[in-house]
Amino acid sequence: MKDIKVLSVASEIFPLVKTGGLADVAGALPGALAGEGVAMRSLVPGYPGVLGGLAKSDVVHRFADLFGGPAQLLAGKGAGLDLFVLDAPHLFARYGHPYTATNGIDWSDNPARFAALSRAGASVGQGLVPGFVPDIVHCHDWPTGLTPAYLAYDGGPRPGTVMTIHNLAFQGQFPASLLASLGLPPDSFTVEGVEYYGSIGYLKAGLRLADRITTVSPTYAAEIRTPEWGMGLDGLLKTRAADMAGILNGIDLSVWNPAGDAHLAARFDARRLAARARNKAALQDRMGLAVEPASLLFGVITRLFWQKGLDLLLAALPTLLQEGGQLALLGAGDKPIEDDFHAAVAAYPGRIAFTRGYDEGLAHLIQGGADSIIVPSRFEPCGLTQLCALRYGAVPLVARVGGLADTIIDANEAGVAAATATGVQFAPVTADMLDAALRRTAALYRDQPTWKRLQLNGMKTDVSWQGPARHYAALYRDLIAARRARSGSQR
Ligand code: ADP
Ligand code: GLC
């Protein structure tokens, strides 16, 4: 029996619209929570890809004017998900990236676009759709940060609110002059409200005004309460520590299943690990690497941004090559990083390969064919590619930060002796330490029985959503109970 209703509000949802892990999480949580007695519906913007993926929908509300144009709220199923879709053509009928125009620059009306999403989320929270009146509204990242603000400043009965930080680097900061146009009252512009260093802070507002805050790993939850990684919000987060939890992400085991993965040249599981060799050969061939069964093939699947530490990997390439390694990189992002990797490919053809772009199928083949997945992030709230790597028998080599620290067990002597190790970690996050970690990984690879044990330990690790879903369900129940205890009148 599903006894609680939760509205999830997110700007991305897999498989309809995705730029990163946020979409994976928003797409997988509802299914995982169903087993925990939670009925979750997701509110997402009506991008063309989302509207195109809606099987059948009903108009449940019409807005005569929502931030500059008419809009409607649709309810329906898309890609197996229960969705509310904010169909506001003046804001969301744009192809390509959800946040930026084709020139890579943020849409100038992003403040209105995501205020509209937040406004709709708050209104559904207040009972706009009688068939689904949520107990809790769960918001993800800055594009939904104003939802708790609207609920707080509207007054009246409201659901409980949870704000999840997937990445503190993106905060949604906009000019104070927009306050009235966003439908926020003058008294909201204080340090206790939406004001953030003289601007309006969308994420800040959510973190200040939501009942509970979560982020996607316990270590990141601790890191962001320090000046080094708090990105200006550490003070606020410290004051809210009692309302904060770090809950690790899982991955969707039906999407990431090496035994049934149509993107692979050969499917495999822990009993048929040898079949990985065919994926390795297929990957080397597809990306233009020398087809060498014995070479240590590293894979990287990532957005190419400072966060992800690719400059450290570039600096460590000589070591990777000295150790006889190859590199298969898939990603897109900052032009200078892309240029550097194109240059590396030209310098080391057959050893380094770079596919620029976003390619779901190739991401799966890299997971199923690479020997090791490198994640050299400077900070990483959770990280999903190392979880997929565990599942696919690709030994993760990761920076010891955030969720990477929490999900990989280092193959130091104790870890190997206790047969618990699943990968290699390095810290501090510098090119020198990555160098050393590459050498250590190569030594482990030369010891094939130990390597195989690492692979099997990884494949046994529970990376499913089951544990995390239990945590979220417990948090929702706890919040509902706490609000009931405080006031009998609140829902
Ligand atoms: P982030 O959300 O910071 O980008 P995560 O590791 O949490 O990092 O999630 C990234 C997700 O996006 C994973 O599902 C990964 O497989 C996918 N991904 C990233 N870059 C690409 C790419 N170039 N092609 C295909 N999938 C990608
Ligand atoms: C963010 C983070 C990543 C996390 C993902 C999903 O984009 O960078 O570490 O896994 O969100 O929570």
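None of these values were measured; they are calculated from a predicted model.

Scoring rules and cut-offs
- Residues numbered from 1 in each chain as written.
- Chains lettered and ligands numbered in written order.
- Predicted model: local features only at pLDDT ≥ 70, side-chain atom pairs only at ≥ 80, totals over all residues.
- Heavy atoms only, no water.
- Pairing = 2+ DSSP bridges.
- Helix = DSSP H or I, 4+ residues; strand = E, 2+ residues; numbered from the N terminus.
- Axes fitted to C-alpha atoms, helices over the stretch in contact; angles between N-to-C directions.
- Near = heavy atom within 4 Å.
- Polar contact = N/O pair within 3.5 Å; in protein donor to acceptor, adjacent residues only side chain to side chain.
- Nonpolar A, V, L, I, M, F, W, Y, C, P; charged D, E, K, R; others polar.
- Domains from an automatic or database assignment.
- Areas by Shrake-Rupley, 256 points an atom, 1.4 Å probe, with all protein chains shown as cover.

Engineer: Would you mind going over the sheet that holds strand β7 (residues 160–165) with me for this structure?
Structural biologist: In any sheet, the strands associate via hydrogen bonds between backbone groups, in a parallel or an antiparallel arrangement. Spatially, nine strands are ordered β3-β4-β5-β2-β1-β6-β7-β11-β12 in an open sheet, and the strand pairing comes out mixed. Each end of this open sheet is capped by a strand with a single partner; those strands are β3 (54–63) and β12 (244–246). Neighbour-to-neighbour, the strand axes of this sheet turn through a mean angle of 25 degrees, independent of strand direction. Sheet analysis places β3 next to strand β4 (residues 71–78), joined by eight bridges and oriented antiparallel.

Engineer: Would you take a moment to explain the site of ligand 1 for this structure?
Structural biologist: Near ligand 1 there are 18 residues, and of these Gly21, Arg303, Lys308, Gly357 and Leu384 occur at the shortest range. Lys18 has a polar side-chain atom sitting 2.9 Å from an oxygen atom of ligand 1. In the model, a nitrogen atom of ligand 1 is placed 2.8 Å from a nitrogen or oxygen of the Gly357 main chain. When residues of the shell around ligand 1 are traced back to their parent elements, those giving at least two are α1 (21–34), β13 (296–304) and β14 (325–333). Counting residues per element, the shell around ligand 1 draws most heavily on β13, at three residues. When grouped by side-chain class, the residues that make up the shell around ligand 1 number five nonpolar, seven polar and six charged. Residue contributions to the shell around ligand 1 reach at least three from each of two domains, namely domain 1 (4–250 + 466–489) and domain 2 (270–459).

Engineer: Sorry if this is basic, but what is going on with the site of ligand 2 here?
Structural biologist: By nearness alone, 14 residues border ligand 2, and His166, Asn249, Glu380, Cys382 and Gly383 come closest of all. In isolation ligand 2 has 310 Å² of accessible area, and contact with the protein removes 94% of it. Tallying contributions element by element places α1 first for the shell around ligand 2, with three residues. Tallied by class, the residues present in the shell around ligand 2 amount to six nonpolar, six polar and two charged.

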